[in-house]
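# Architecture and fold: a report
If you want the building blocks of each chain, they are given just below.
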Amino acid sequence: MNPVIKIDGLSFGYEFGDSVLKDIYLEISPGEMVALVGQNGAGKTTLVKHLIGLLRPPAGKVRVADLDVANTRVSKLSRQVGYVFQNPDHQIFHDTVQAEVAFGLNNLGLPREEVEPRVTAALSDVGLEHLANENPQRLSRGQRQRVALASVLALRTPVIVLDEPTTGQDYQERKQIMALVEQLNKAGHTIVFITHDMSLVAHYASRVVVLCQGQIILDGDTREVFRQTDKLAESLLLPPQVTVLANQLNEPLNTSVSPVILSVDEMQEYLQRVREVKRNGAGD
Ligand SMILES: Nc1ncnc2c1ncn2[C@@H]1O[C@H](COP(=O)(O)OP(=O)(O)OP(=O)(O)O)[C@@H](O)[C@H]1O
């Protein structure tokens, strides 16, 4: 299957600054759910801005849905890739939540009969339908984040990029947002999300890309990436607490099983297995 995102040797530096991205190669297939992680300033946002034409890559370096980003109008690209900004205030300009979510759809020239149900559905998905007529500036940061998310959901693009989508959300809201993102992924959307929350990565991503000082230092299956604790440490990242705990328990128990545990449920199963190994050993 052709990759839906293909980055071929992308390097970039802001004017008057050091190099921020160094020779990035990345291919993402349709339907993948990829977490992009790395410490502050690693270049994550800079990288994804190249996917939506906010930063212009050199010709031929970045392709999204078979479009060369360098030579494609942002309006055309926005039918293929939606981007939820890290800071919702960089995205929200209208006086009502409804108008904000409708904006992108109106820009695409969709008829009103299509715009209205899409706005209603997107607001309902993020749990904000009751605030449709509210001024976004009067909402909390977490609610504004969800308005920004709804605006992108309404576009129904095949690729959705989310830059720290759960910032400012409480536990329930984080779960709600990520469940929604997971649902979109199951419906066939390719998802790239940036986060600092490794438990979200463990729970939702099937693949993790680790950026460190503008370079990809790890890229692979989530479990395999979390196995590489030394490499993660280079980027000052730790696997989820439950993964670290399982690794520490494994050493003194010296079981032959050394899986990478990604959740509390997996931990319970793992401890059950360890008990069995010990019980069987005691009976020998
Ligand atoms: N508009 C800009 N002009 C100049 N330098 C910038 C600009 N935006 C980002 N930078 C610099 O580029 C580097 C990478 O920033 P970027 O925001 O891509 O990192 P990040 O990994 O997304 O960080 P964070 O996790 O803090 O959001 C940083 O050193 C940052 O200061």
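Residues numbered from 1 in each chain as written. Predicted model: local features only at pLDDT ≥ 70, side-chain atom pairs only at ≥ 80, totals over all residues. Heavy atoms only, no water.

### Describing helix H5 (residues 141–155)
Taking 1.5 Å per residue as the helical rise, H5 with its 15 residues ought to reach 21 Å, and the 22 Å between its terminal C-alpha atoms agrees with that figure. For H5, the buried fraction is high: 13 of the 15 residues fall into the buried class. In the segment just after H5, Arg156 is the residue with positive phi, at about 50 degrees. (Helix = DSSP H or I, 4+ residues; strand = E, 2+ residues; numbered from the N terminus. Expected span 1.5 Å × (residues − 1). Buried < 20%, exposed > 50% of the residue type's maximum accessible area, 1.4 Å probe, protein only.)

### Brief notes about the packing of helix H3 (residues 97–107) against helix H4 (residues 112–125)
With their axes 9 Å apart at the nearest point, H3 and H4 run at an angle of 125 degrees to one another. Relative to H4, H3 is oriented oblique. You can see that H3 and H4 cross each other, and the crossing is right-handed. Of the residues in H4, those in contact with Val97, Gln98, Val101, Ala102, Leu105 and Asn106 of H3 are Val115, Arg118, Val119, Ala122 and Leu123. Here the residues of the contact of H3 with H4 sort into 8 nonpolar, 2 polar and 1 charged. (Axes fitted to C-alpha atoms, helices over the stretch in contact; angles between N-to-C directions. Parallel < 35°, antiparallel > 145°, perpendicular 65-115°, else oblique. Left-handed = near helix turned anticlockwise from the far one by under 90°. Contact = heavy atoms within 4.5 Å. Nonpolar A, V, L, I, M, F, W, Y, C, P; charged D, E, K, R; others polar.)

### Quick look at the domain arrangement of the protein chain
Domains assigned within the protein chain are domain 1 (5–236) and domain 2 (240–283). Taken together, the contact between domain 1 and domain 2 spans 8 residues of the former and 7 residues of the latter. Summed over both sides, the interface of domain 1 with domain 2 buries roughly 660 Å², with 64% coming from carbon and sulfur. For the interface between domain 1 and domain 2, the tally reads 1 salt bridge. In this structure, Arg223 engages Glu266 in a salt bridge whose closest nitrogen and oxygen atoms are separated by 2.9 Å. Taken together, the links from domain 1 to domain 2 amount to 2 residue pairs in polar contact (both at pLDDT 80 or more). Of all elements in the fold, only helix H7 (198–204) and helix H8 (222–227) reach the threshold of two or more residues within the side of domain 1 that touches domain 2. A total of 4 residues in the side of domain 1 that touches domain 2 trace back to one element, the largest contributor, which is H8. Taken together, the residues of the side of domain 1 that touches domain 2 break down into 3 nonpolar, 3 polar and 2 charged. (Domains from an automatic or database assignment. Buried area = accessible area lost by both parts, 1.4 Å probe. Salt bridge = Lys/Arg side-chain N within 4 Å of Asp/Glu carboxyl O. Polar contact = N/O pair within 3.5 Å; in protein donor to acceptor, adjacent residues only side chain to side chain.)

### Focus: the UniProt feature "domain: ABC transporter" (unreviewed entry) in the protein chain
Per the UniProt record, "domain: ABC transporter" (unreviewed entry) is annotated on residues 5–238. Helix makes up 36% of residues 5–238 and strand 24%, whereas the separation of the span's terminal C-alpha atoms amounts to 27 Å. (UniProt positions renumbered as here; feature names shortened; annotations may be inferred.)

### Considerations on the packing of aromatic side chains
Summed over the entire model, instances satisfying the criterion amount to 2 aromatic pairs. Centre to centre, the rings of Phe12 and Tyr14 are 4.8 Å apart; their planes meet at 85 degrees, and the pair counts as edge-to-face. The exposure class of Tyr14 is partly exposed, given its relative accessible area of 37%. For the ring pair Tyr83 and Phe85, a centre distance of 4.7 Å and an interplane angle of 55 degrees mean the geometry is tilted. (Phe/Tyr/Trp six-rings, centres within 6.5 Å; stacked < 30°, edge-to-face > 60°.)

### Comments concerning the pairing of strand S1 (residues 5–13)
When S1 meets strand S2 (residues 19–28), the two strands line up antiparallel, connected through 7 bridges. For Asp8, the partnering residue across the bridge sits in S2 and is Tyr25. Here S1 folds back onto S2, and the loop between the two strands holds 5 residues, one of which, Phe16, carries a positive phi near 65 degrees. Both S1 and strand S4 (residues 62–64) contribute to a ladder of 3 bridges, which runs antiparallel. Counterpart to Ile5 in the pairing with S4 is Val64. (Pairing = 2+ DSSP bridges.)

### What about H3?
Count 3.6 residues to each turn of an α-helix, and residues three or four apart come out pointing the same way. All of the buried residues in H3 are Val97, Glu100, Val101, Ala102, Gly104 and Leu105. Lining the buried residues of H3 we find H4 and H5. Positive backbone phi, approximately 80 degrees, marks Gly109, located one or two places after H3.

### Concerning the sheet that holds S2
Taken in spatial order, the 4 strands make up an open sheet running S2-S1-S4-S5, and their pairing is antiparallel. The sheet terminates laterally at S2 and strand S5 (67–68), the two strands that pair on one side only.

### Regarding the pattern of salt bridges
Taken as a whole and assessed by the stated rule, the structure comprises 13 salt bridges. A salt bridge links Lys6 to Asp8, with the shortest nitrogen-to-oxygen separation between them at 3.2 Å. The exposure class assigned to Asp8 is partly exposed, which follows from its relative accessible area of 31%. Note that Arg207 is salt-bridged to Glu32, the shortest N-O span being 2.8 Å. With Arg207 in strand S9 (residues 207–212) and Glu32 in the loop between S2 and strand S3 (33–37), this residue pair connects regions lying 175 residues apart in the sequence. Since its relative accessible area comes to 12%, Arg207 is described here as buried. The class of Glu32 is buried, set by a relative accessible area of 18%. Connected through salt bridges with shared partners, the residues Lys6, Asp8 and Glu27 form a single ionic network.

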